[in-house]
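Each chain, written out:
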Amino acid sequence: MGASPTTNTVRNQHEPGNAGPATHIKARTEKPADYPERFSVTDNAVNWNIPYPEYAPPRYESPRMLERSPDPADIHGLTRTMQSYEQRGLQLDGATDEPLNPRGRTGMSGRGQLWLWGPNHAADFLLTRFNTDTQQLEALLILRNNGQWAVPGGMVDAGESPAMTAMRELKEETNIPFSTSSKTWELYRGYVDDPRNTDNAWMETVVLHEHLGNVSPSDGNAPSAGSDARKAEWKPISQELIQGLYASHPSFVRAGLEALTEAPGTDPQARQAAATVLSL
Ligand code: BGC
């Protein structure tokens, strides 16, 4: 297990980049409204090693991204080193020198809405609790602008560690101040199957998780939405809720439930509730 690069209280449950989707689906089939239609990429044509001479994805770079990005429009002007959580290192397009998405073709070239060439780093904070009033396992979630519930999180700012970003975003989006502790786990570090991804720019994230234990909601502060969140709420965790979450967040919440079933300190009621949701 790698030592945590964030704080020494956050432990890794997985080797970086090992968990997560083997391929991507949302990055081939979903897109923000301003993107043109993606070139269709079937399951057997995703891998860059499979020759696909007819592959002709549209190129899209949003005007807002081009205005605000710290990266040059031409990859040859890039002076920083691109850092990926994926273990295999970055593959470059032999013809253009642009970085290639580590999970394969997306049907879209350019950077889309993403500010950086290659990996764009985010951090997310999954907080769970067992609600003793309702006897349900809950997660603190936000409603994103696109109408999907998500784990609170956002982009890592220059000079921030992922743990700092996760704490800042949790506070900004839910108004719940929270710091990592010896009970905080790093659930995931790697690629995110995000609808904004392109062949040359993609999301990667670090997901932290802490379970608050048995809580009666009347004990604590209620969340309230801030920043770009439309709502912030403790939501009962069900399969239906998990399936509708943004990007790779379904797998983050599932990983959180698995951690609850495995961790020796989990209260029996929470362990049972987590196991029940996972079994459905
Ligand atoms: C979101 C994160 C998410 C990441 C990758 C960011 O914009 O704020 O919650 O994990 O994108 O999808």
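Since this is a predicted model, take the numbers as computed values, not measurements.

Visitor: Would you mind showing me how to read the overall build of the chain here?
Guide: The helix and strand inventory of the chain stands at 6 helices and 12 strands. In summary, the chain has a C-alpha radius of gyration of 19 Å against a globular reference of 19 Å for 280 residues, a match within 12%. Considered along the principal axes of its C-alpha atoms, the chain spans approximately 60 × 35 × 35 Å. Of all 280 residues assigned to the chain, the portion counted as buried reaches 52%.

Visitor: Explanation requested: the packing of aromatic side chains in the structure shown.
Guide: In this description, an aromatic ring pair is defined by two values, namely the gap between the centres and the angle between the planes. In total, this model carries 7 aromatic pairs according to the counting rule given. On the basis of an interplanar angle of 85° and a centroid distance of 5.5 Å, the ring pair of Phe125 and Phe178 is categorised as edge-to-face. Of this pair, Phe125 sits in strand 6 (residues 118–131) while Phe178 sits in the loop between helix 3 (162–174) and strand 10 (185–191), placing them 53 residues apart in sequence. Phe178 matches Phe125 in its accessibility class, with the two residues each being buried. Pairwise contacts between aromatic rings join Phe39, Trp48, Tyr52 and Tyr55 into one cluster. Cation over ring: Arg105 sits above Tyr55, and NZ or CZ is 5.3 Å from the ring centre.

Visitor: Help me understand the pairing of strand 11 (residues 201–215) in this model?
Guide: It is a general feature of regular strands that their side chains alternate between the two faces of the sheet. The element strand 11 is largely enclosed, with a buried count of 13 among its 15 residues. Sheet analysis places strand 10 next to strand 11, joined by 6 bridges and oriented antiparallel. If you follow Glu186 over to strand 11, its bridge partner there is Leu208.

Visitor: Explain the packing of helix 5 (residues 249–262) against helix 6 (residues 268–279) here, please?
Guide: Two quantities define a packed helix pair, namely the angle between the helix axes and the distance between the axes. Interhelical geometry of helix 5 versus helix 6 gives an angle of 135° and a closest axis separation of 8 Å. Considering the angle they form, helix 5 stands oblique to helix 6. Considering the relative orientation of helix 5 and helix 6, their crossing is left-handed. Residue-level inspection shows Arg254, Leu257, Glu258, Leu260, Thr261 and Glu262 of helix 5 in contact with helix 6, the latter providing Arg271, Ala274, Ala275, Val277 and Leu278.

Visitor: What is the right way to read the pattern of salt bridges from this model?
Guide: It is possible for side chains of opposite charge to pair when their charged atoms get near one another. Under the counting rule described, the total for this entry stands at 13 salt bridges. Between Arg168 and Glu160 there is a salt bridge whose closest N-O contact spans 2.5 Å. On the basis of relative accessibility, which here comes to 18%, the residue Glu160 falls in the buried class. Lys235 serves as the salt-bridge partner of Glu233, at 3.8 Å between the closest nitrogen and oxygen. Here Glu233 falls in the partly exposed class, since its relative accessible area comes to 30%.

Visitor: Would you mind showing me how to read the site of the ligand here?
Guide: In the region of the ligand, 13 residues are neighbours, and Asp124, Gly153, Asp194, Arg196 and His249 sit closest. Here the ligand has 310 Å² of accessible area as a free molecule, and 95% of this is covered by the chains. Elements with a contribution of two residues or more to the shell around the ligand: strand 6 and strand 9 (153–155). For the shell around the ligand, a count of residues per class yields 6 nonpolar, 3 polar and 4 charged.

Criteria and thresholds
- Residues numbered from 1 in each chain as written.
- Predicted model: local features only at pLDDT ≥ 70, side-chain atom pairs only at ≥ 80, totals over all residues.
- Heavy atoms only, no water.
- Helix = DSSP H or I, 4+ residues; strand = E, 2+ residues; numbered from the N terminus.
- Rg over C-alpha atoms; globule rule 2.2 N^0.38 Å.
- Buried < 20%, exposed > 50% of the residue type's maximum accessible area, 1.4 Å probe, protein only.
- Phe/Tyr/Trp six-rings, centres within 6.5 Å; stacked < 30°, edge-to-face > 60°.
- Lys NZ or Arg CZ within 6 Å of the ring centre and 35° of its normal.
- Pairing = 2+ DSSP bridges.
- Axes fitted to C-alpha atoms, helices over the stretch in contact; angles between N-to-C directions.
- Parallel < 35°, antiparallel > 145°, perpendicular 65-115°, else oblique.
- Left-handed = near helix turned anticlockwise from the far one by under 90°.
- Contact = heavy atoms within 4.5 Å.
- Salt bridge = Lys/Arg side-chain N within 4 Å of Asp/Glu carboxyl O.
- Near = heavy atom within 4 Å.
- Areas by Shrake-Rupley, 256 points an atom, 1.4 Å probe, with all protein chains shown as cover.
- Nonpolar A, V, L, I, M, F, W, Y, C, P; charged D, E, K, R; others polar.

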